[in-house]
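Results of the structural survey
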Amino acid sequence: MELLYFKTFVQVVKSGNYTKAAYVLDYAQSSITTHIQKLETLYGGKRLLERHGRAMKLTPSGELLYGYAEKMLALYEESQQILNNQEVKTIRIGTIESLAIYELPHVLAEFKKKYPEVMVQIIPDTEAVIIDKINNKELDFGLIIDKPFISERIQSISIKKQKMKVIVPPDHTYTKKTFFTLADFKDETIILTEEGCTYRAYLLNQLERNYIDFTLSMELSSIETIKKAVHNKWGIGFLPEFSIEGHDQVAGIPFQDEGFHFYSQLLYRKSSSQGPVFQYLINIFSRKANQSV
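Residues numbered from 1 in each chain as written. Predicted model: local features only at pLDDT ≥ 70, side-chain atom pairs only at ≥ 80, totals over all residues. Heavy atoms only, no water.

Moving on: the sheet that holds strand β3 (residues 90-95). Consider a sheet: its strands pair through backbone hydrogen bonds, and that pairing is either parallel or antiparallel. Read from one edge to the other, the open sheet built from five strands follows the order β4-β3-β5-β12-β6, with strand pairing classed as mixed. Each edge of the sheet is formed by a strand with only one pairing partner; in this case those strands are β4 (119-124) and β6 (154-161). The average angle at which neighbouring strand axes cross in this sheet is 20°, direction not considered. Where β3 meets β4, six bridges bridge the pair, whose relative direction is parallel. Paired with Ile-93 across the bridge in β4 is Ile-122. Seen against the sheet, helix α7 (residues 127-135) touches β3, β4, β5 (141-146), β6 and β12 (263-269) and runs at an angle of roughly 150° to β5. (Pairing = 2+ DSSP bridges. Helix = DSSP H or I, 4+ residues; strand = E, 2+ residues; numbered from the N terminus. Axes fitted to C-alpha atoms, helices over the stretch in contact; angles between N-to-C directions. Contact = heavy atoms within 4.5 Å.)

In structure tokens:
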């Protein structure tokens, strides 16, 4: 708090009066008066400023303190710059497989142009584990797909609303469908990702809530393996739209469900260092979010 008083004291001297200092600091003028009074109390009640017409001038005690105040504020600013620019050697990003393969490379390509010396560790995992590791400071960032994430400790940037597609072999009769609903899963054989995947959990929950019979024939950890299994006609799949773009081995049918509002999101601790390296990566994702609006 004393540092705030010194900042106010120096600004009053530079501005010449309380009114201008209050404008520069965006404080109420009463706050300026209070800060100066408390600073004078800290130094035994010695007057630091005195009025000369409309201007405030330094007293002899004020002149002596002013030099020290400037030095202390300069040291504080210097310490901020040093801490904010401290060398970051590694950034740890936890993410789900689909985003790691199809979305993250574009971001990292831009990031590495700016910071080629920074090592980026990609740690694939489930959303629950990723969130836990961010809280425990085992990860710097998380990249997930889910409903908008809200937390007191973790900041979330919604990058893009994600669309899902039901994937079938190219010659499947379903390729003529313009969209796919929950009811269309009735009596189908389905191939899904492993447990822990949020969009998998959503689909299964909705099917069960609506009493739709289906057969879950395979749980596969790799999206590429899922696409190959679908191509081999072992069942139909359920994947993010971006993960099948440019692939001709399977066909994608838009999934239509009013309750599906999932977003790709960047997560990081609100208390994380906002140094230039971290902030640059955050800014890349923020730009992507603005472009998708």
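Attention shifts here to helix α2 (residues 18-25). An α-helical segment advances 3.6 residues per turn. Residues three or four places apart therefore align on the same side. Within α2 the residues assigned to the buried category are Tyr-18, Ala-21, Ala-22 and Leu-25. Considered in projection along α2, the buried side chains sweep an arc of 100° and stay on one side of the axis. Away from its buried face by more than 90 degrees, α2 exposes Tyr-23 and Val-24. Among the residues trailing α2, Asp-26 stands out with phi positive, at a value near 60°. (Buried < 20%, exposed > 50% of the residue type's maximum accessible area, 1.4 Å probe, protein only. Arc of directions from axis to C-beta.)

This paragraph deals with unusual backbone geometry. For Tyr-211, which is not a glycine, the phi torsion comes out positive at approximately 55°. Turning to its location among the elements, Tyr-211 is positioned in the loop between α8 (198-209) and β9 (214-219). Using a relative accessible area of 75% as the deciding quantity, one classes Tyr-211 as exposed. Residues other than glycine seldom take positive phi values, yet Lys-233 does so here, at roughly 65°. Examined against the element boundaries, Lys-233 turns out to sit in the loop between α9 (223-231) and β10 (236-240).

Two measures describe an aromatic ring pair: the distance that separates the ring centres and the angle between the ring planes. Scanning the model with the defined rule gives 17 aromatic pairs in all. Ring centres of Phe-260 and Phe-262 lie 4.4 Å apart, and the angle between their planes is 10°; this geometry places the pair in the stacked category. Look at Phe-260 and you get buried, because its relative accessible area is 7%. What links up through ring pairs into an aromatic cluster is the set Tyr-174, Phe-180, Phe-185, Tyr-199, Tyr-202, Phe-238, Phe-255, Phe-260 and Phe-262. Taking NZ or CZ as reference, Lys-71 lies 5.8 Å from the ring centre of Tyr-68, over its face. One Lys or Arg, Lys-114, reaches over the ring of Tyr-280 and ends 5.9 Å from the middle of that ring. (Phe/Tyr/Trp six-rings, centres within 6.5 Å; stacked < 30°, edge-to-face > 60°. Lys NZ or Arg CZ within 6 Å of the ring centre and 35° of its normal.)

This model, assessed by the stated rule, comprises nine salt bridges. Among the ionic pairs, Arg-47 bridges to Glu-40, the shortest N-O distance being 3.9 Å. For Arg-47, a relative accessible area of 52% corresponds to the exposed category. (Salt bridge = Lys/Arg side-chain N within 4 Å of Asp/Glu carboxyl O.)

Another point: the sheet that holds strand β7 (residues 164-168). Across the sheet, which stays open at both edges, the five strands sit in the order β9-β8-β10-β7-β11 with mixed pairing between neighbours. Strand pairing shows two members of the sheet lacking a second neighbour, β9 and β11 (251-254), which therefore form its edges. Averaged over all pairs of adjacent strands, the angle between strand axes in this sheet comes to 35°, irrespective of strand direction. As paired elements, strand β8 (residues 188-192) and β10 share two bridges and run parallel to each other. Opposite Ile-190, over in β10, you have Ile-236 as the bridge partner. Its contacts with the sheet place α9 against β7, β8, β9 and β10, and it is angled at close to 145° to β10.

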